[in-house]
Amino acid sequence: MKNEFLEHRLNINRRHFLGKLGLGLGSAALGSLLVPSLWQSDHEELPALGVAHFAPKAKRIIYLFQNGAPSQLESFDYKPLLNTMAGQDLPDSIRNGQRLTGMTSNQKRFPLVGSYFKFHQHGQNGIWVSELFPNMAKVIDEFCVIKTMHTEAINHDPALTFMQTGAQQGNRPSMGAWLSYGLGSENKNLPAFCVLLSRGRGNGQGVYSKLWTNGFLESVHQGVQFSSSEDPILYLNDPAGTTREGRRKMLDHLAQLNTLAFDESGDPEIKTKIQQYEMAYRMQLAVPELTDLSQEPEHIVKMYGPECLVPGTYAANCLLARKLCESGVRFVQLYHQGWDQHGNMVGEMPLQAQDVDRASAALIMDLKQRGILDETLVIWGGEFGRTNYCQGDLSKENYGRDHHPRCYTVLMAGGGVKGGFVYGETDEFGYNIIKDPVHINDFHATILHLMGLNHEKLTYKHLGRRYRLTDVAGNVVTGILA
Amino acid sequence: MQQFQRVTAYLLFALNGLLVVLAFFQDRLHIPQWLGVLGRLHPLLLHLPIGFLIVTAVLFWIERKANGLPGELIPFLLHATAMVAAGTACAGVLLSTEGGYDPVVLTRHLVSGTLVSLICAALALLAGKRNSIPYVMLFSSSIVVLVAAGHWGGVLTHGNNYLWQPLEDRVGTRPAITDSTTFFDAAIQPIFDAKCVSCHNERKTKGKLVLTRLDKALRGGEHGPIWVAGSASESSLVERIFLPKDHEEHMPPDGKPQLTARESRLLRLWIENGANTSQAWTTIPPTDSLRILAAISSTPTIVKKAYNFDFASEKLIEKLNTPYRTVQPLAANEPALAAEFFLRSAFETTMLEELAVVRKQLVSINLSGMKIQDRDLERLAQFQNLEKVILNNTTVGSEVPNAFLKLPRLQSVAVSGTLATFPFLKQIAQLPALKEVFFWNTRVSNTEAAQLAEAFPKISWVRGYETSEVLTLTPPILVNEELVAQANVPIRLKHNIPGTRILYTTDGTEPDSVSVSEYLEPIVLDRYSVVKIRACRDGWYCSPVTAYHFFYAKHRPDSAWLLQPPDKAYRGGGAPVLYDFKKGTADSFRESAWVGYRHQPFLALFEFKNPKPIQEVVLSVGLNMGAYLVMPQSVEVWGGTDPGALKPLASITPTAYTTWQSVRVEGIRVPLRGVSYPYYKIVATPTPRLPVFISKKQEKGWLFIDEVFFN
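Residues numbered from 1 in each chain as written. Chains lettered and ligands numbered in written order. Predicted model: local features only at pLDDT ≥ 70, side-chain atom pairs only at ≥ 80, totals over all residues. Heavy atoms only, no water.

> So what exactly am I meant to see when it comes to the overall build of chain A here?
A tally of helices and strands in chain A yields 13 helices and 17 strands. For chain A, the spread of C-alpha atoms along the principal axes amounts to about 105 × 65 × 40 Å. Counting across all 482 residues of chain A, residues that qualify as buried make up 56%. Restricting the contact set of chain A to residue pairs at least 6 apart, pairs at least 24 apart contribute 79%. Of the roughly 20600 Å² of accessible surface on chain A, 52% is carried by carbon and sulfur atoms. Averaging the coordinates of the 46 positive side-chain charges in chain A and doing the same for the 50 negative ones gives two points 5 Å apart. (Helix = DSSP H or I, 4+ residues; strand = E, 2+ residues; numbered from the N terminus. Buried < 20%, exposed > 50% of the residue type's maximum accessible area, 1.4 Å probe, protein only. Contact = heavy atoms within 4.5 Å. Areas by Shrake-Rupley, 256 points an atom, 1.4 Å probe, with all protein chains shown as cover. Lys, Arg positive; Asp, Glu negative; His and termini not counted. Charge placed at Lys NZ, Arg CZ, Asp CG, Glu CD.)

Quick look at the structure:
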């Protein structure tokens, strides 16, 4: 009896249905009258993924990361005062309480030291460039020289992580992963985010795969590290005896099994895996076409320097970066190690500069002569600057420089930035910024802007809140936009 | 009770009389200053009649429904209500004389407030007849008028729509800040908006000052303009802001949200600097204190290109996207599309034809590296809105189809790495909207390029950049992975630039000497050799010389014994590693490929079961000067048929290096003139004294051996 009553109440007849419906609709209508925007979607409507928010200036990025922090004072930030005041102490009024690393904080004196290398003016606007970079000086009119980058980190790892992911701690998605997430890939036969490493002859600092991580984004956005051997992508060839048809059949069946697993667990990573297998299958065709350098004419080899045919060198990576960029890879990240001149600046800096100068300039011009520099953004720079005072022994022949987060120089060229242009100003001591500072968050906001993305709208919800590459800061540096 | 009601009845007459006089003849009356205090009580008193009237109304309703309330309660409450209503109204009139209110709203509030007082008085006086219908209606009307009076009062103090505002969109109506926004609009007006306009707006105009717009702010208030450009001390705005907070004239009034220190400094500085109202904020240097105080951030302006064609359907676009062809809108909400093709081996011309469905929308196409010929350009002619075409590394170049040349919007053409000729580019130049051509690495000569630039000066002709610098080649590459050569394994060399000459010697001399050979086919060795190689090519400097030490392996011993055990730390794999033909590297000398000696000589016995004539014994020695690995002082070879009675065959003293050497493995060759014995003993003594350039203390050197070859 009791059950029947219960059942009766559970049974929804037409009268119940209409009655409840009326009540429900009525409440909804009342709600919408009281709060007109009640049935609108989120206040902040997020733009669709996979397409630019507005017309982009650049479609792709090649980031020539100079890992270890090249000295701005020996490259692009000319400070003759340091030569005239060489040996004198850094005034306290300039240092202004800046914290130092443990490597120089115990030094009794902080003697200023000027560049051992000479500077000359180049290009239509007479931009000062050190003699160590003769080829980049020749194409300085393509570059926007930002002298006022600054950061909060004072050691390599956090600084590098900050530059690449917008946070010092790591585990946030890298810039390339954000772009892959926001814009998708142009060429479905290659990863959207590729990473190339090379090592110079100077004092080196490590790079780790956390720098090209997808963080909390789907793993399909992770950077793909290329090997520095003759085969940039390992294990791409089918094993002996496997035909392409056989491989196709194998992948089809594997995909069926994976789909079954996906239907059961719903883990999105399985979908990613299926996609990645398919891409690898297409890469088997695309990569040999891409990495075949034998078709490069001799004067291209001359432009980049003959090392460009030696796999794993910076020059070879620059050439490969151009080819990847031509093939629609969204973000090519290079790292060239060896720029950490705590000592032996005079010995190591020329070697490092020699490694990168010719190929960096060649890359710019090579993109230009193919008509794709205007749709490619090239970035050149390190993770922080170096001090204007000497670390260790100062002699006429040699000196070293410690880490300096308050100002450093980064160069940009191509898509949407002003060429032959210097942005920002540092003081005569090359220690503080006196005009137009550019924080790393601003730098990221500007890069996203050039790529047609509003940095405040490119978000991903994780751990209960929306994250951005610029997190909660950053302004687009409108001054450098062409 | 009777007494109370009689007194209040008189008072009600008096107060309401006063109220009517005050309300309608206040302009003609002089109100003493001390009454101002009473006026200020209005916001306090007004809550009393509201509360009293509502309580009375509820009790009145209860009384009508159910008896049981004390009969005198309602009349008492009504009298009390009427008293406070009259008092509140009087105070309100006094307050209104302070001015600064929107006159229309004020009049409405005044009339409705007075009416509340009058109705309440009537209700009190007629309390005895409260069961009649007209009385009930009068009571109801009192509530209605009360609500109206309350509403207008609210509008006076809090502005229009105060109640519903939280439900409305809070996004400000001010336009976004751009580079051309004036400093006033970007930095000053926002302060007024946040801290001043709640009392200085068009409705509530305290001190007759309106700060919602620049022109009204410039008009000033009842004491004239509120700022004097260039003189903060004469500006009442600054003066009032910086008065002590408890001062009567201080602005904003005590209790209202105060200006922050930054805001007040900014206002003062702006006025001192001339109160410029037309200057764009971007023209002020960023180091200027004004800019720093204002901390304005601009949102970059995004210029949207206007396309006057329709959107293609999303489904259609999705269908066009394949792994080898990408078709994407330039941006969200843009009808224009860009197409790109990838993977030369997958390309077919039908993939181009399929784009016909978006012929209106396509503005850019990248066919770089695809199989495209001149006649395929005809297919591009249907895309009437094309602005950019990339044809790099295709085989176009001799004849441009006429239809292509009529493309009205084509601005940018790239034909780098194609067969493009001078006539081809001259045809291309006829495109009506053409702005730039990229034609590096084509069949166009320097003089022809110059002619093009001269004939079509409006077009930017980008030919590329070639360097006339002479550079040094990189050394040739050794293809072999092993440095042990056996009879059937020749040595292969290559260079990354095809056609580069490779020169080599195998006798240890420099490859620029007489004995040099050019590498044409793989090199076959028959003994331990130092192969030196370099690359040369026209238009380049020859590469530096690289040397490889090749070990030739002919006869493998059947067994070996170490008669003297190696140093404890470097025993390696023991005797077997000496004849396994596997080389170690000199920077990883801790590996099992090596045996190491320092205080004792290396002493090993080798056995051949079938003796063969031996021409040379080669000791493979690790050289790593940083780790004190150097050449031995001497090497002796002993031989014989009885291991107990061997006789010396040869002995050499290797030349010690006098300069720093790179880390490598080198051979020490001991010639033997074709002897054949079953047993050989090798004795190699480590150097007892390192040269000074390696160790200033002249310590003992290390001897590391990974292999002994018998040839």
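> Can you help me understand the state of the cysteines in this one?
By definition, a disulfide links two cysteine residues through a covalent bond between their sulfur atoms. Summed over all chains, the structure comprises one disulfide over all chains. Covalently, Cys536 of chain B is tied to Cys542 of chain B through a disulfide, its sulfur atoms 1.9 Å apart. In this structure the cystine formed by Cys536 of chain B and Cys542 of chain B twists about its S-S bond by roughly 120°; its chirality is therefore right-handed. Judged by its relative accessible area of 29%, Cys542 of chain B is partly exposed. Of all cysteine sulfurs in the structure, the one in Cys407 of chain A sits closest to Cys390 of chain A, which takes part in no disulfide; the separation is 17 Å. On the basis of relative accessibility, which here comes to 0%, the residue Cys390 of chain A falls in the buried class. Here Cys199 of chain B is not cross-linked by a disulfide; its sulfur's nearest cysteine counterpart is in Cys196 of chain B, at 9.1 Å. (Disulfide = S-S within 2.5 Å.)

> What is the right way to look at unusual backbone geometry in this model?
Working note: non-glycine residues mostly have negative phi, and peptide bonds are mostly trans. Residue and element names in this part refer to chain B. Each neighbour pair has its own omega, and for Met251 with Pro252 the value is -15°, a cis peptide bond. Positive phi outside glycine occurs at Asn333, with the angle close to 60°. Mapped onto the secondary structure, Asn333 falls in the loop between strand 1 (325-329) and strand 2 (337-341).

> Mind showing me how you'd approach the sheet that holds strand 24 (residues 679-685) of chain B here?
Residues and elements named next belong to chain B. One open sheet holds the five strands; their spatial order is 17-19-24-21-22, and the pairing between them is antiparallel. Both outer strands of the open sheet, strand 17 (559-562) and strand 22 (647-652), are each paired with one neighbouring strand and no more. Pairs of neighbouring strands in the sheet enclose a mean axial angle of 20°, with direction left out of account. Direction of pairing for strand 17 relative to strand 19 (residues 602-607): antiparallel, over a ladder of four bridges. Pairing of Leu562 across the sheet is with Ala604, part of strand 19. (Pairing = 2+ DSSP bridges. Axes fitted to C-alpha atoms, helices over the stretch in contact; angles between N-to-C directions.)

> Honestly, the nonpolar core in this entry has me stumped. Any pointers?
All names here are of chain A. Core analysis: the largest hydrophobic core is formed by 76 residues, its most contacted members being Phe133, Tyr304 and Trp380. In terms of residue count, the dominant contributor to this core is helix 12 (residues 345-369) (twelve residues). The residues touching Tyr304, leaving out its near neighbours within four places in the chain, are Ala315, Cys318, Leu319, Arg322, Arg358, Ala359, Ala362, Leu363 and Asp366. Within the second largest apolar cluster, 56 residues are counted, among which are Phe65, Ala159, Phe331 and Leu458. (Core = buried A, V, L, I, M, F, W, Y, C linked by side-chain atoms within 4.5 Å.)

> Hey, could you run me through the interface of chain B and chain A in this one?
Bring the parts together and some accessible area is lost; that lost area is often taken as the interface size. Tallying the contact residues gives 53 residues for chain B and 56 residues for chain A. The largest share of the area that chain B buries against chain A comes from Phe342, Trp440 and Tyr465 of chain B, three residues that together contribute 13% of it. Summed over the shared surface of chain B and chain A, the result is six salt bridges. Measuring nitrogen to oxygen at the nearest pair gives 3.7 Å for the salt bridge that ties Glu469 of chain B to Lys138 of chain A. Between chain B and chain A we count 17 residue pairs in polar contact (both at pLDDT 80 or more) in total. Taken together, the elements giving at least two residues each to the side of chain B that touches chain A come down to strand 1, strand 2, strand 4 (388-390), strand 6 (436-438) and strand 8 (471-472) of chain B. Counting residues per element, the side of chain B that touches chain A draws most heavily on strand 1 of chain B, which supplies three residues. Its residues placed into classes, the side of chain B that touches chain A shows 23 nonpolar, 19 polar and eleven charged. (Buried area = accessible area lost by both parts, 1.4 Å probe. Salt bridge = Lys/Arg side-chain N within 4 Å of Asp/Glu carboxyl O. Polar contact = N/O pair within 3.5 Å; in protein donor to acceptor, adjacent residues only side chain to side chain. Nonpolar A, V, L, I, M, F, W, Y, C, P; charged D, E, K, R; others polar.)

> I tried to follow the side chain of Ser198 of chain A on my own but got confused; where do I start?
Residue placement: Ser198 of chain A occurs in strand 5 (residues 193-199). A distance of 2.7 Å separates the side chain of Ser198 of chain A from the side chain of His336 of chain A, its partner in a polar contact.

> Which parts of the structure should I look at to understand helix 1 (residues 2-25) of chain B?
Think of an α-helix as turning once every 3.6 residues; residues three or four places apart then point the same way. In a regular helix each residue adds 1.5 Å, so 24 residues correspond to 34 Å; helix 1 of chain B covers 34 Å between its end C-alpha atoms and thus fits that length. The inward-facing, buried residues of helix 1 of chain B abut helix 5 (73-96) and helix 6 (103-125) of chain B. (Expected span 1.5 Å × (residues − 1).)

> Looking at this structure, I do not really get the packing of helix 6 (residues 156-165) of chain A against helix 13 (residues 440-450) of chain A. What am I missing?
If you want to describe how two helices pack, look at the angle between their axes and the distance between the axes. All names here are of chain A. Direction vectors running N to C along helix 6 and helix 13 enclose 30°, while the axes themselves pass 9 Å from each other. Relative to helix 13, helix 6 is oriented roughly parallel. Of the residues in helix 13, those touching helix 6 at Phe162, Met163 and Thr165 are Ile440, Asn441, Phe443 and His444. (Parallel < 35°, antiparallel > 145°, perpendicular 65-115°, else oblique.)

> Explain the packing of aromatic side chains to me, please; I cannot follow it from the model alone.
The description of an aromatic ring pair rests on the distance of the ring centres and on the angle between the ring planes. All names here are of chain A. Inspection of the entire model under this criterion finds 48 aromatic pairs over all chains. A connected cluster of aromatic rings, assembled from ring pairs, spans Tyr63, Phe65, Trp212, Tyr335 and Phe443. A cation over a ring is seen here: Arg465 above Tyr467, with NZ or CZ 3.9 Å from the ring centre. (Phe/Tyr/Trp six-rings, centres within 6.5 Å; stacked < 30°, edge-to-face > 60°. Lys NZ or Arg CZ within 6 Å of the ring centre and 35° of its normal.)

> Sorry if this is basic, but what is going on with the packing of helix 5 of chain B against helix 6 of chain B here?
Residues and elements named next belong to chain B. Relative orientation of the contacting elements helix 5 and helix 6 amounts to 155°, with a least axis distance of 8 Å. Put simply, helix 5 runs roughly antiparallel to helix 6. Our pair here, helix 5 against helix 6, has a crossing hand that is left-handed. Counting all contacts with helix 5, which are made through Leu78, His79, Thr81, Ala82, Ala85, Ala86, Ala89, Val93 and Ser96, the residues of helix 6 involved are Leu106, Leu110, Gly113, Ser117, Cys120, Ala121, Leu123 and Ala124. By residue class, the composition of the contact of helix 5 with helix 6 is twelve nonpolar, five polar and no charged. (Left-handed = near helix turned anticlockwise from the far one by under 90°.)

> Is there a simple way to explain the pairing of strand 16 (residues 546-552) of chain B in this structure?
Side-chain direction in a regular strand flips from residue to residue, so the side chains alternate between the two faces of the sheet. All names here are of chain B. Alignment of strand 10 (residues 484-485) against strand 16, held across two bridges, turns out to be parallel. When the sheet's bridge partners are listed, Val484 is paired in strand 16 with Phe551. Inspection of the sheet shows strand 14 (residues 529-536) paired to strand 16 by five bridges, in the antiparallel sense. Paired with Ser529 across the two strands is Phe550, which belongs to strand 16.

> I would appreciate a short explanation of the sheet that holds strand 14 of chain B in the present structure.
Hydrogen bonds along the backbone pair up the strands of a sheet, which may run parallel or antiparallel. Residue and element names in this part refer to chain B. Across the sheet, five strands lie side by side as 10-16-14-12-13; this open sheet has mixed pairing. At either margin of the open sheet sits one strand with a lone partner, and together these are strand 10 and strand 13 (517-518). Across five bridges, strand 12 (residues 501-505) lies against strand 14 in antiparallel orientation. By the bridge assignment for strand 14, Ile502 is matched with Ala535.

> Before we go on, may I ask you to explain the pattern of salt bridges in this structure?
One pass over the full model with this rule turns up 42 salt bridges over all chains. Taking the shortest distance from any N to any O, the salt bridge between Glu186 of chain A and Arg60 of chain A comes out at 2.9 Å. Taken together, the positions of Glu186 of chain A in the loop between helix 7 (175-183) and strand 5 and Arg60 of chain A in strand 1 (residues 60-66) put the pair 126 residues apart, joining distant regions of the chain. The partner of Arg60 of chain A in a salt bridge is Glu340 of chain B, and the shortest N-O contact between them spans 3.3 Å. With Arg60 of chain A in strand 1 and Glu340 of chain B in strand 2, this pair bridges two chains. When salt bridges that share partners are traced, they join Arg60, Glu186, Arg330, Asp374 and Glu375 of chain A together with Glu340 and Lys388 of chain B into one network.

> Just to check I follow, could you spell out the confidence of the model for chain B for this structure?
Reading predicted coordinates in detail is not appropriate for stretches of low pLDDT. Mean pLDDT over chain B stands at 88; residues scoring 70 or higher make up 97%. Interface predicted TM-score (ipTM) for the complex: 0.85; the corresponding pTM is 0.73. (pLDDT = per-residue confidence, 0-100.)

> I'm lost on a nonpolar patch on the surface in this one. Help?
Residue and element names in this part refer to chain B. Together, Val20, Val21, Phe24, Phe25, Leu29, Val111, Leu115 and Leu118 give the surface a local cluster of nonpolar side chains, amounting to about 620 Å² of exposed area. When contributions to the nonpolar patch are tallied by element, the ones reaching two or more residues are helix 1 and helix 6. By residue number, the principal contributor to the nonpolar patch is helix 1, which donates four residues. As for its position among the elements, Leu29 is in the loop between helix 1 and helix 2 (35-40). Looking at Leu29, the relative accessible area reads 38%, which means it is partly exposed. (Patch = residues over 30% accessible without salt bridge, like charges linked within 9 Å, V, L, I, M, F, W, Y side chains within 5 Å.)

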